[in-house]
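Overview (structure and organization)
In case you want the letters, here they are:
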Amino acid sequence: MMIMKAKCGHVTENSYAEAHHGLCRRCHSNFSFILELEQKYGEDALVEYWYSKILTHSTETSEEVDCLIDHLIEYYIRKLAEYPSKKNYIKKMLYMLRSIQDPFNLQTLK
């Protein structure tokens with residue numbers, strides 16, 4: 001069994017990361033849950049879920065939330081090419097994710 005650093009930055013088995021798009025077990029599990037949520041309940045439920053999870057930081061560390069945001073941005077960039085008909089929705093999702101990553105500071109405009 002070979003250990004490697006996954007795309008998400010966490011350490012995992014090489015075979016697992018190769019089989020799951022370069023993600024460790026935890027990140028793949030979180031990401032799979034998000035995809036399942038979108039398939040079952042639609043885009044609005046997904047937005048509500050991840051936005052509340054990210055804003056409340058639940059029990060996760062800031063590093064784990066940043067990791068989730070990075071995975072979501074990468075996912076929606078791929079979806080932009082796959083689903084041109086959902087371009088406006090996907091761009092809105094990317095804007096919201098990036099605004100959480102780099103929040104707007106009103107004080108800088110004053």
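Look a little higher up for the structure.
First things first, this report covers the structure right here in the doc. By convention here, each chain's residues receive numbers from 1 onward along its written sequence. In keeping with the model being predicted, local features are shown solely for residues with a pLDDT of at least 70 and side-chain atom pairs are shown and tallied solely at 80 or more, while totals for entire chains, interfaces and linings include all residues. Here the side-chain values reflect all heavy atoms present in the structure, with hydrogen atoms and water set aside.

For the rest of this paragraph, the subject is the packing of aromatic side chains. A pair of aromatic rings is counted whenever rings of Phe, Tyr or Trp (Trp by its six-membered ring) have centres within 6.5 Å, and the orientation is called stacked for planes under 30 degrees apart, edge-to-face for over 60 and tilted otherwise. All chains considered together, the criterion is met by 2 aromatic pairs. Where tyrosine 75 meets tyrosine 76, the ring centres are 5.0 Å apart and the plane angle is 75 degrees; that geometry is what we call edge-to-face. With respect to class, tyrosine 75 is no different from tyrosine 76; both count as buried. Plain terms: the ring middles of tyrosine 76 and tyrosine 89 are 6.3 Å apart, the flat faces sit at 80 degrees to each other, and that makes the pair edge-to-face. Separated by 13 residues along the polypeptide, tyrosine 76 in helix 4 (residues 62–82) and tyrosine 89 in helix 5 (residues 87–101) bring together distant segments of the chain. For the pair formed by tyrosine 76 and tyrosine 89, the shared burial category is buried. Joined through ring pairs, the aromatic side chains of Tyr75, Tyr76 and Tyr89 make up one cluster. Burial status follows relative accessibility: with a 1.4 Å probe on protein chains alone, a residue under 20% of its type maximum counts as buried, one over 50% as exposed, and anything between as partly exposed. Starting at the N terminus, helices and strands are each numbered in turn, a helix being any DSSP run of H or I of at least four residues and a strand any DSSP run of E of at least two.

Over its 17 residues, helix 2 (residues 25–41) extends 24 Å from the first C-alpha to the last, a length consistent with the 24 Å expected when each residue adds 1.5 Å. Positive backbone phi, approximately 95 degrees, marks glycine 42, located one or two places after helix 2. An expected span of 1.5 Å times one less than the residue number is assigned to each helix.

A word on the nonpolar core. To define a nonpolar core, start from buried Ala, Val, Leu, Ile, Met, Phe, Trp, Tyr and Cys residues and group those joined through side-chain atoms within 4.5 Å. Core analysis: the biggest nonpolar cluster contains 23 residues, and Cys8, Leu72 and Tyr76 have the highest contact counts within it. Secondary structure elements with two or more residues in this core: helix 2, helix 4 and helix 5. No other element matches helix 4, which puts 8 residues into this core. Sequence-distant contacts of cysteine 8, defined by excluding residues within four places in its chain, comprise Gly22, Leu23, Cys24, Cys27, Cys67 and His71. Contacts between residues were defined by any pair of non-hydrogen atoms, one from each residue, lying within 4.5 Å.

Packed helix pairs are characterised by how far apart their axes lie and by the angle those axes make with each other. The convention used is that axes are lines fitted to C-alpha atoms, helices contributing only their stretch in contact, and that angles between N-to-C directions extend from 0 to 180 degrees. Here helix 2 crosses helix 4 at 55 degrees, and the two axes come no closer than 11 Å. Between helix 2 and helix 4, the angle is such that the two are oblique. For the element pair helix 2 and helix 4, the recorded crossing hand is right-handed. Residues Arg26, Cys27, Phe31, Ile34, Leu35 and Glu38 of helix 2 pack against Glu64, Cys67, Leu68, His71, Leu72, Tyr75 and Tyr76 of helix 4. Note on residue categories: nonpolar means Ala, Val, Leu, Ile, Met, Phe, Trp, Tyr, Cys or Pro, charged means Asp, Glu, Lys or Arg, and polar means any other residue, Gly included. Here the contact of helix 2 with helix 4 is built from residues that sort into 9 nonpolar, 1 polar and 3 charged. Should an angle fall under 35 degrees it is taken as roughly parallel, and over 145 as roughly antiparallel, whereas 65 to 115 is taken as roughly perpendicular and any remaining angle as oblique. By the definition used in this description, the sense in which the near helix is turned from the far one sets the handedness, with an anticlockwise turn below a right angle giving left-handed and a clockwise turn giving right-handed.

Moving on, we get to the pattern of salt bridges. Here, a salt bridge means any Lys or Arg side-chain nitrogen found within 4 Å of an Asp or Glu carboxyl oxygen. A full pass over the atoms with the stated rule returns 4 salt bridges. The partner of glutamate 82 in a salt bridge is lysine 79, with the nearest N and O atoms 3.0 Å apart. A residue pair is termed a helical-turn pair when its members lie 3 or 4 positions apart in one helix, as glutamate 82 and lysine 79 do in helix 4 at 3 residues. The class of glutamate 82 is partly exposed, set by a relative accessible area of 46%.

An ideal rise of 1.5 Å per residue puts 21 Å on 15 residues; helix 5 measures up with 21 Å between its terminal C-alpha atoms. Within helix 5, the full set of buried residues consists of Tyr89, Ile90, Met93, Leu94, Met96, Leu97 and Ile100. Seen end-on, helix 5 carries its buried residues on one side only, within an arc spanning 165 degrees. Turned more than 90 degrees away from the buried face of helix 5, the exposed residues are Asn88 and Tyr95. The directions from the helix axis to the C-beta atoms are what the arc is built from.

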